[in-house]
Amino acid sequence: GSIEWQSSSDNITFTPLPDSSPLPFYMATDLVETTYYRAVVTSEGCPSATSNVQAITVNSSPTAGSIVGDGTVCSTTNTKTLTLQDAVGNIQWQSSTDNETFTPIVGANSTTYTATNTAVKTYFNAIVTIGSCTATSNTAIIDVIPAAAAGTVSGAGTVCFGTNNSELILSGYSGTIQWQSSDDNITFTNIDGETNYNYFAFDLTTTTYYRAVLTTNCGTATTATATITVNRPSDAGSIAD
């Protein structure tokens, strides 16, 4: 028979769909509420027949909200709490180390997530879901500042009094460098302008002690002392006739 499509918002009162065609299918688009559909089929001279009802359920759109609380932490032991504000829907936190591939965090489904002992720079977002509809929050970043690492000073040794040249080299370090020196291996003072990985000691006349202090926003570390020992010349004396 000929087909007339009908719709209803309450599954009680049905009205013909003016934009439908007498074909055995109907394309429903841009729905904003749950809608019920049926087809009334009529054959000339015979009573009409009505199909079963099918509902298209429209979920309300989720709201992704926004994450606050990101920032920097120090390496090793750290915690950072992220908060998802103004989200509407079911929450699933995700993380990534490359800001491309995100992995769901098991059990992280509340408006807050506390990241513990983050070892490398990590990206976080939240997927908010209602039914089959999803929305994704902004991406929050927890950056990890390495702890200061003292490293090792090489190049110490023994030189002769007066004209001499020694190069101390710092390796295996992390942080900003400041070289220090001491003449008693107790009280050390900064050497102005000496912030490179190497330090040249010239023309020493007394045994001198050196070390490097490494600094990051997460603290300081100090190397072991490197000693440049200065051998003083012996008195040659004089030859008498």
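Everything that follows concerns the structure shown earlier in this document.
Residues numbered from 1 in each chain as written. Predicted model: local features only at pLDDT ≥ 70, side-chain atom pairs only at ≥ 80, totals over all residues. Heavy atoms only, no water.

**Section: the state of the cysteines**
- The tally for this structure, following the rule as stated, stands at one disulfide.
- Between C74 and C218 runs a disulfide, and the two sulfur atoms are separated by 1.9 Å. Residues C74 and C218 are joined by a disulfide whose S-S torsion is about -95°; by sign, that bridge is left-handed. Here C74, found in strand β7 (residues 71-74), pairs with C218, found in the loop between β21 (208-216) and β22 (219-222); they are 144 residues apart in sequence, far enough to count as distant.
- On the accessibility criterion, C218 (22% relative accessible area) is partly exposed. (Disulfide = S-S within 2.5 Å. Helix = DSSP H or I, 4+ residues; strand = E, 2+ residues; numbered from the N terminus. Buried < 20%, exposed > 50% of the residue type's maximum accessible area, 1.4 Å probe, protein only.)

**Quick notes on unusual backbone geometry**
- Even without glycine at this site, T76 takes up a positive phi of about 70°.
- Mapped onto the fold, T76 is located in the loop between β7 and β8 (79-85).
- For T76, a relative accessible area of 65% translates into the label exposed.
- Although it is not a glycine, N99 sits at a positive phi angle of roughly 65°.

**Let's talk about the environment of A87**
- Take A87: it is sitting in the loop between β8 and β9 (90-96).
- Distance in space between the C-alpha atoms of A87 and I127 is 9.7 Å, their sequence separation being 40 residues.

**Side note on the pairing of β21**
- The element β21 is largely enclosed, with a buried count of seven among its nine residues.
- Examined bridge by bridge, strand β18 (residues 176-182) and β21 share seven bridges and lie antiparallel to one another. Its bridge partner being in β21, S182 is matched across the sheet by Y209.
- Here β21 pairs with strand β23 (residues 226-231) via three bridges, running antiparallel. Of the residues in β23, the one forming a bridge with T208 is I228.
- Here four bridges tie β21 to β22, and the two strands are oriented antiparallel to one another. Note on β22: the bridge partner recorded for V213 is T222.
- Between β21 and β22, which pair antiparallel one after the other, the connecting turn spans two residues. (Pairing = 2+ DSSP bridges.)

**Points about the nonpolar core**
- Within the largest apolar cluster, 19 residues are counted, with the highest numbers of intra-cluster contacts made by L168, L170, W179, Y199, Y210 and I228.
- Among the secondary structure elements, those contributing two or more residues to this core are β17 (165-171), β18, β20 (198-202), β21 and β23.
- Residues in contact with I228, not counting those within four places in the same chain, are A156, G157, V159, S166, L168, A201, L204, T206, T207, T208 and Y210. (Core = buried A, V, L, I, M, F, W, Y, C linked by side-chain atoms within 4.5 Å. Contact = heavy atoms within 4.5 Å.)

**Section: the sheet that holds strand β11 (residues 112-116)**
- Sheet architecture is open: three strands sit in the order β6-β8-β11, paired in antiparallel fashion. Edge positions in the sheet fall to β6 (66-68) and β11, since each has one partner strand and no second. Strand-to-strand twist of the sheet, defined as the mean angle between neighbouring strand axes without regard to direction, takes the value 25°.
- As paired strands, β6 and β8 are joined by three bridges and run antiparallel to one another. Along β8, the bridge assignment pairs I67 with L84. (Axes fitted to C-alpha atoms, helices over the stretch in contact; angles between N-to-C directions.)

Function-wise, these values are silent; they only describe arrangement.
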